[in-house]
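Inside the fold
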Amino acid sequence: MRSRRFRLPASLLATTGIALSLAGCVPDARALPDPGAPTPAASSTAVSGAGAPRVGSGSAAAALRTLKVRGRAPKTGYTREQFGQAWSDAVDAPGGHNGCDTRNDILRRDLTGETIKPRTRGCIVLTGTLHDPYGGATIAFRRGNGTSTLVQIDHVVALSNAWQTGAGTWSATKRAQLGNDPLNLMAVQGNLNSAKGDGDTATWLPPRKAFRCTYVARQVAVKARYGLWVTAAEHDAMARILATCPGQPLPTEAQAAVPAPAGH
């Protein structure tokens, strides 16, 4: 797996090792790196660790307070293709250039007991079990027509939401990084992913209440990492959720990381 080194914000290093409820993740005291939330004058540049501004602190609530609150930009011009080819490996996001497409990277990370298709260099997941974080169901995943869609990969911050909160001015390279960044991706029950659509925290939350703090912390981490803003309604909904779990940490680097393909 190709490794990129980012400057870790000192404020995020205070994150404790409280784990996210993701299968196969290992708690780590290191906070996620900030690859460079852009200034307005540099909003079209690619994500870079050089000179990355510090964001937030160890808690999601503190990081939320660093996000700008602005109105929603127009959705004009948005398409899924604006964020690059779906599940492309040709991105500089963590896990990129490891020889496997992003969807299978996330399946290998989030499923348990997975089996891998032979002669795919350890990439393609054939079967496995998802303990769905959004609804709590246990789902048997089997690759194939009519079965693969039972498990889908959710963009925790929906790409449409990202487009309307800053990404519409970015370069294609940076949008592709967000679209394939493991921090912003989670394997979930397909029908719940469909129900969410492009909803933000103000319009959709996981039905499993025990996961809501972790979910919102993940959204805050993504927005802080990429310099996206929040709307007033989104901010207030996030704050209400995080008020129920004081000290909820941001996710750690290890919790979001994808495993290296066994054949690489």
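So, here is what we can say about the structure in this document. Note that the structure is predicted; figures quoted are calculated from it, not measured.

To continue, consider the side chain of T120. By the secondary structure assignment, T120 is in the loop between β1 (112-116) and β2 (125-131). Since its relative accessible area comes to 14%, T120 is described here as buried. A polar contact is formed between the side chain of T120 and the backbone oxygen of K117, at a distance of 2.7 Å.

The full count for this structure, using the stated rule, is 8 aromatic pairs. Seen in terms of ring centroids, W204 and Y215 are 5.9 Å apart; in terms of plane orientation they differ by 70°. Their pairing is edge-to-face. Here Y215 lies in helix α6 (residues 212-226) and W204 lies in the loop between α5 (190-196) and α6, a separation of 11 residues in the sequence. Like W204, the residue Y215 is buried in the burial classification. Cluster of aromatic residues (ring-pair linked, three or more members): Y134, W204, F211 and Y215. Just above the ring of W229 sits the side chain of R70; from NZ or CZ to the centre is 4.0 Å. Lying across the ring of W87, R80 places its NZ or CZ 5.9 Å from the centre.

Definitions and cut-offs
Residues numbered from 1 in each chain as written. Predicted model: local features only at pLDDT ≥ 70, side-chain atom pairs only at ≥ 80, totals over all residues. Heavy atoms only, no water. Helix = DSSP H or I, 4+ residues; strand = E, 2+ residues; numbered from the N terminus. Buried < 20%, exposed > 50% of the residue type's maximum accessible area, 1.4 Å probe, protein only. Polar contact = N/O pair within 3.5 Å; in protein donor to acceptor, adjacent residues only side chain to side chain. Phe/Tyr/Trp six-rings, centres within 6.5 Å; stacked < 30°, edge-to-face > 60°. Lys NZ or Arg CZ within 6 Å of the ring centre and 35° of its normal.

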